[in-house]
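Structural description and commentary
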Amino acid sequence: MDYILSILGPLAEGSLVTLQLFLITLLLAVPLGLALALVRISRFRVASQAVNGYIWLMRGTPLMLQMLFIYYALPFVPGIGIRLPDFPAAIVAFALNYAAYFAEIFRAGIQSIDRGQYEGAKVLGFSYGQTMRRIVLPQVVKRILPPMSNETITLIKDTSLIYVLALNDLLRAARGIVQRDFTITPFIVAAVFYLIMTLVLTWLFQRLEKRHAVYD
């Protein structure tokens, strides 16, 4: 028990890095995903196809590869030449990747709304923006909660990929202690940290689903 208490400090510090990446990614990827979904279903064919290609690229290549490209290869791309520090590079990669997944979730949710509701809103004099904001999106939120829950829980686990950039997240902190002390106990404690984080997210989404179910 004394040993476990002694390693909680470094693992907690690693958890802060994990949570920072998780929260910043959500704050960036969710609105970007919604914007991409709206363009994806718009009547502007060129923009829609461009977004479709972007989603295909982000979903079709590994997140780790995207992160390594942004960190190592982006500085050598002609006309760009931007060198990002490790943590900002991870944020950009995660936000761009998860925005593609969230875009598909939003798109499916929006297209699940009956067309008659759009026509009814038009009869009432609502603009497209008002229809989306007041009628469509409130219903979409309720319908996309289950897949959003899955992606959000996946995100908290995917943050462990940033070890390739030598960022001291929860998993890297645990690995460092394992290599130092030759015991797997830090991995077990790290697993408990991840389970607690996913448990909180599961509870939060269940509460949201129950809250919206009241209005069914």
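Let me sum up the structure you'll find in this document. (Residues numbered from 1 in each chain as written. Predicted model: local features only at pLDDT ≥ 70, side-chain atom pairs only at ≥ 80, totals over all residues. Heavy atoms only, no water.)

1. Examining the nonpolar core
Formed by 54 residues in total, the largest nonpolar core has its most connected members in Leu11, Met67, Phe94 and Ile162. Elements represented by at least two residues in this core include exactly helix 1 (2-40), helix 2 (45-60), helix 3 (63-73), helix 4 (86-111), helix 6 (128-158), helix 7 (170-181) and helix 8 (185-213). Among the elements that make up this core, the one with the highest residue count is helix 4 (14 residues). Among residues more than four places away in sequence, those in contact with Phe94 are Leu21, Thr25, Leu63, Met67, Leu155, Asp158, Thr159 and Ile162. (Core = buried A, V, L, I, M, F, W, Y, C linked by side-chain atoms within 4.5 Å. Buried < 20%, exposed > 50% of the residue type's maximum accessible area, 1.4 Å probe, protein only. Helix = DSSP H or I, 4+ residues; strand = E, 2+ residues; numbered from the N terminus. Contact = heavy atoms within 4.5 Å.)

2. A few points about the packing of aromatic side chains
Between two aromatic rings, the relevant description is the distance of the centres plus the angle of the planes. A full pass over the atoms with the stated rule returns four aromatic pairs. Arranged with centres 6.1 Å apart and planes meeting at 50 degrees, the rings of Tyr98 and Phe102 form a pair that is tilted. Taken as a pair, Tyr98 and Phe102 lie in helix 4 at a separation of four residues, close to a single helical turn. A relative accessible area of 0% means that Phe102 is categorised as buried. (Phe/Tyr/Trp six-rings, centres within 6.5 Å; stacked < 30°, edge-to-face > 60°.)

3. Regarding unusual backbone geometry
Positive phi values are uncommon outside glycine, yet Ala166 reaches one of about 65 degrees. By secondary structure assignment, the location of Ala166 is in the loop between helix 6 and helix 7. Look at Ala166 and you get partly exposed, because its relative accessible area is 45%. Positive phi is not limited to glycine here, since Phe182 has a value of about 55 degrees. By secondary structure assignment, the location of Phe182 is in the loop between helix 7 and helix 8.

4. Topic: the layout of surface pockets
Computed from the structure, the largest pocket encloses a volume of approximately 540 Å³. Lining the largest pocket we find 15 residues, and of these Ile41, Arg43, Arg115, Tyr118 and Tyr128 sit closest to its centre. Counting residues per element, the ones that place at least two in the lining of the largest pocket are helix 4, helix 5 (115-123) and helix 6. The residue inventory of the lining of the largest pocket, partitioned by class, reads seven nonpolar, four polar and four charged. Lining the second largest pocket we find 13 residues, and of these Val141, Ile144, Leu145, Met148 and Phe205 sit closest to its centre. Among the residues forming the lining of the second largest pocket, the class breakdown is 12 nonpolar, one polar and no charged. (1 Å grid on protein atoms, 1.4 Å probe; cavity = no way out; pocket = protein on both sides within 12 Å on 5 of 7 lines; lining within 4 Å. Points joined across faces, edges and corners; volume = space filled by probe spheres on them. Nonpolar A, V, L, I, M, F, W, Y, C, P; charged D, E, K, R; others polar.)

5. Overview of a nonpolar patch on the surface
Taken together, the side chains of Ile184, Phe187, Ile188, Val192, Ile196 and Val200 define a hydrophobic patch exposed on the protein surface, amounting to about 540 Å² of accessible area. Within the element layout of this structure, Ile196 appears in helix 8. Assessed through its relative accessible area of 48%, Ile196 is described here as partly exposed. (Patch = residues over 30% accessible without salt bridge, like charges linked within 9 Å, V, L, I, M, F, W, Y side chains within 5 Å. Areas by Shrake-Rupley, 256 points an atom, 1.4 Å probe, with all protein chains shown as cover. Salt bridge = Lys/Arg side-chain N within 4 Å of Asp/Glu carboxyl O.)

6. A few points about helix 7
In a regular helix each residue adds 1.5 Å, so 12 residues correspond to 16 Å; helix 7 covers 17 Å between its end C-alpha atoms and thus fits that length. Along helix 7, the positions that sit buried rather than exposed are Leu170, Ala173, Ala174, Ile177 and Val178. For helix 7, the buried positions fall inside an angular range of 140 degrees around the axis, keeping them on one side. (Expected span 1.5 Å × (residues − 1). Arc of directions from axis to C-beta.)

Worth remembering: the numbers are spatial, not functional.
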